[in-house]
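Listed here are the chains, written in short residue letters.
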Protein chains: 2
Amino acid sequence: MKSEANCLIAQSGGPTTVINASLAGVIEKALNGTNIHQIYGAINGIQGVIDDNLLNLTDIFKDNDSTIQQLKTTPAMYLGSCRYKLSDFTENISDYSIIFQTLKKYSVKYFLYIGGNDSMDTVDKLSSYGKSINSDIKFIGIPKTIDNDLECIDHTPGFGSAAKYIAASILEIAHDTYIYDIESVTIIEIMGRNAGWLTAAAALARNEYSAAPHLIYLPEKPFSTGRFVTDIKEEFTRRKHVIVAVSEGVKDIAGTYISAESAKTDQFGHVMLSGTGKYLEGLIKHTIGCKVRSIELNVLQRCAAHSSSLTDIEEAFQLGQYGLDAALKDESGVMVTLNRTSNFPYTVEYGTIPINEVANLEKKIPIDWINEAGNDITNELIEYIKPLIQGEAPIKYIDGLPVYLSVDHLIKKK
Amino acid sequence: MKSEANCLIAQSGGPTTVINASLAGVIEKALNGTNIHQIYGAINGIQGVIDDNLLNLTDIFKDNDSTIQQLKTTPAMYLGSCRYKLSDFTENISDYSIIFQTLKKYSVKYFLYIGGNDSMDTVDKLSSYGKSINSDIKFIGIPKTIDNDLECIDHTPGFGSAAKYIAASILEIAHDTYIYDIESVTIIEIMGRNAGWLTAAAALARNEYSAAPHLIYLPEKPFSTGRFVTDIKEEFTRRKHVIVAVSEGVKDIAGTYISAESAKTDQFGHVMLSGTGKYLEGLIKHTIGCKVRSIELNVLQRCAAHSSSLTDIEEAFQLGQYGLDAALKDESGVMVTLNRTSNFPYTVEYGTIPINEVANLEKKIPIDWINEAGNDITNELIEYIKPLIQGEAPIKYIDGLPVYLSVDHLIKKK
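In this text the structure is predicted, and so the values were computed from the model without any measurement. By convention here, each chain's residues receive numbers from 1 onward along its written sequence. As a convention, the first chain written is A and the first ligand written is 1, with the rest following in written order. Where local features are concerned, this predicted model is filtered to residues with pLDDT of at least 70; where side-chain atom pairs are given and counted, the filter is 80 or more; whole-chain, interface and lining totals use all residues. By convention in this description, side-chain values take in all heavy atoms of the structure and omit both hydrogens and water.

(A) Representation of the overall build of chain A in the model. On a plain count of helices and strands, chain A comes out with 13 helices and 15 strands. Its C-alpha atoms give chain A a radius of gyration of 22 Å, near enough to 22 Å, the size a compact globule of 414 residues would have. Across its three principal axes, chain A shows a C-alpha extent of roughly 75 × 50 × 50 Å. For chain A, buried positions account for 63% of its 414 residues. What sets the accessible areas is the Shrake-Rupley method with a 1.4 Å probe; for residues, cover comes only from the shown protein chains. Of the roughly 14600 Å² that chain A leaves accessible, carbon and sulfur atoms contribute 49%. In this count, Lys and Arg are taken as positive residues and Asp and Glu as negative ones, while His and the chain termini are left out. Taken as the charge centre is NZ of Lys, CZ of Arg, CG of Asp or CD of Glu, depending on the residue. The positive charge centre, built from 38 side chains, and the negative charge centre, built from 51, are 3 Å apart in chain A. Helix numbering and strand numbering both begin at the N terminus, where a helix is a DSSP run of H or I of at least 4 residues and a strand a DSSP run of E of at least 2. What the globule rule says is 2.2 Å times the number of residues to the power 0.38, and the radius of gyration is computed from C-alpha atoms. Note on classification: 1.4 Å probe, protein chains only; a residue is buried when its accessible area is under 20% of the maximum for its type, exposed when over 50%, partly exposed between these limits.

(B) Local environment of helix α12 (residues 310-328) of chain B. Each helix should span, by expectation, one fewer than its residue count multiplied by 1.5 Å. In this model, α12 of chain B (19 residues) spans 27 Å end to end at C-alpha, consistent with the 27 Å of a helix rising 1.5 Å per residue. Asp 330 of chain B sits one or two residues past α12 of chain B and shows a positive phi near 70 degrees.

(C) Up close: the packing of aromatic side chains. Aromatic pairs are defined between Phe, Tyr and Trp rings, using the six-membered ring for Trp, whenever the two ring centres lie within 6.5 Å; interplanar angles under 30 degrees are classed as stacked, those over 60 as edge-to-face, and all others as tilted. On inspection of all chains with the given rule, the structure shows 32 aromatic pairs over all chains. Between the aromatic rings of Phe 100 of chain B and Tyr 129 of chain B, the centroid separation amounts to 5.0 Å while the plane-to-plane angle is 65 degrees, which identifies the pairing as edge-to-face. Residue Phe 100 of chain B is found in helix α5 (residues 94-105), and its partner Tyr 129 of chain B is found in helix α6 (residues 117-132); the two are separated by 29 residues along the sequence. Positioned above the aromatic ring of Phe 317 of chain A, the side-chain terminus of Lys 72 of chain A is 4.0 Å from the ring centre. We count a charge as sitting over a ring when the NZ of a lysine or the CZ of an arginine lies within 6 Å of the ring centre and within 35 degrees of the ring normal.

(D) Local environment of the sheet that holds strand β11 (residues 291-296) of chain B. Residue and element names in this part refer to chain B. Across the sheet, 4 strands lie side by side as β7-β8-β6-β11; this open sheet has parallel pairing. The open sheet has two edge strands with one neighbour each: β7 (215-217) and β11. Taking each pair of neighbouring strands and ignoring which way they run, the sheet shows an average axis angle of 15 degrees. Sheet topology note: the strand β6 (residues 184-190)/strand β8 (residues 241-247) ladder contains 7 bridges and is parallel. Across the sheet, Glu 189 pairs through a bridge with Val 246, a residue of β8. If DSSP finds at least two bridges between two strands, the strands pair. For every element, the axis is a line fit to its C-alpha atoms; helices are fit only across the contacting stretch, and the angle between N-to-C directions ranges from 0 to 180 degrees.

(E) Layout of the confidence of the model for chain A. All names here are of chain A. Looking at any residue, its pLDDT shows the predictor's confidence there, from 0 to 100. Looking at chain A, the pLDDT average stands at 94 and 96% of residues meet or exceed 70. Scored below 50 in pLDDT, residues 262-268 shows 18 contacts in the model against residues more than four places distant or in partner chains. For this predicted complex, the interface confidence comes out at an ipTM of 0.95, alongside a pTM of 0.96. Any two residues whose heavy atoms approach within 4.5 Å are treated as being in contact.

What follows is the structure, encoded as structure tokens:
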């Protein structure tokens, strides 16, 4: 007989193409061989817990393995997201009271939150508050972010698929660029506020005939517009088509974003950027005067599920399963993590770490993985990323288009 | 014994993901069961003929079926492109003399040019000049363009793959958008100067749970910024997330491009645009003030070969084969074409038409395939596009990335 221990899952932060694979992992595990009675999903992250807006996932997914498989390859968040930041409970207890009321109402014993940096902060706070009131609810963080900027994990789920999309797109853009017999500069702007992992992934596009991207600029090293123009001119002594990968977050020596004029700040104090590529396009037009185009890969970096990495999907799924396992073993206040045990062949092992060691930290690229001139990366960094893009997503197509799971419950009608 | 009749192929205009499939079709046909002795490819279109810059394709592709298969799915142009416009030979004969010298030097009897509108103009001129000097060289045009704006053909090769990429991307962007529980407008800017075919393809993203794109604006109907804001407000009475597909080429009632401030003119007198989406993003920010994002799908629309339509690849291949067949049957001054003989099931037949009936004309969307309000398309138009995106490209992946054929010969080193 099943007990009255229920499980609640929610998702938060920005999308990746495999955050639903982690959700699928939790659901699949909870439905098979555990004593969990009901699996609930909160709509729009912690906001859904506050608003008592839950979905019964047991009803939707039990006896329906093909739906779980479809969830595994559906982009963004099946449960929706939020950008709600909890105050410290020592400052304002009201959110905590409401959240724990909901958890009690639904007999939740295991709470799993799939998200990035800010979401791990939420798990940390809920876990601490729980301890302070002697609650026996287990709080587990399951990581995700295309940015790969979480500490205490070899790499984050979502990063590999974004890296694969970026590398494949740059290879295709290179083919597009090479056809004209004129000097040209193509600038590809890639996501990443403070960490250059995604921009570095552009280097994987290189193969035996194409050296593109020929220049790579990351936020970890100060960016000089003068040096940028010199670099391009130097490339023109070697080749006709110069292809550049640049992070949206490159900053000058004073720490000012190159795209500073269009900068805004979101609720978490992050600077939101756009326009680095456009700015540099104008700069090249003005200084060199050759054909120049800037391309912003934009949100498809994080949502083009048809080109997800199979390795990434499977790891995200495993992390979901491992997270529920940890909760069932009475762990709490931890984030599940993965550790690379070997690169040739590539192997990982799963584990947990105290979440307060992770929350609010940001992992950047080690400086010795960037070349001295600050316009390329080292082979070590390429070898680090390469295993993460392996394998293709098992996407089903109907009528010429990928088939994803309906998110009708998120599409708010009035 | 093989005769000394040789074949010359070149490619021109903007890239598509299947223009190399037509080249593969010609090569495969020429190598098997014809009397053609040598197959040459001109590097960078007609410019390569003028410069006597040819590649021996027989040497590269004979006895190498897997290389032909790889060529079939490689994006952009294996032979490179140009934007060289021939003068009328009655005005300036020098280019013609040089071109026909090259053709004579290489014993070329069949000249096939794969390209769009402007390239068909080149074939028309070369064929007319050839007739005027009693040359027996056969000139054949093989159409391609993502824009689908050629006359006398049901649809152009390249369009189906671009349409598939656009529809899949919009479905994925919709998933990305639905996750937040706040009002938002997402504007997706799609290629197409004067014809809205590509923007119309966005409608194929609609499925049983997602009605995105909710609004579609084409260049065929005058665009009003006031009406645009009203349309968005009206959508907000029904839904929270409004997703808009807009052509880069929308114009106001006076015929002025909405993005007019950034307009330039290329060698063929085409206005080059960018910034329609960005302009509308600013407009919504200013008038409605909700969350708004604009996304330019950019060159990936025409080069993302990993998501090509199999139907498109096969038709492009067949057109290449049919083109060489027509030349061997002594046709000249014609473009190969395809005619849809049935939509359910979808069938086509191949044929030829005099190229002067095609060159320099532009096929737009019939006005009765656009709704009265000018913010959506009719079901007839959706049914017209749907068969063209069917089937997935047989892309080979190695190390997590699509494998394309080397274009080392185009990557100019100094």
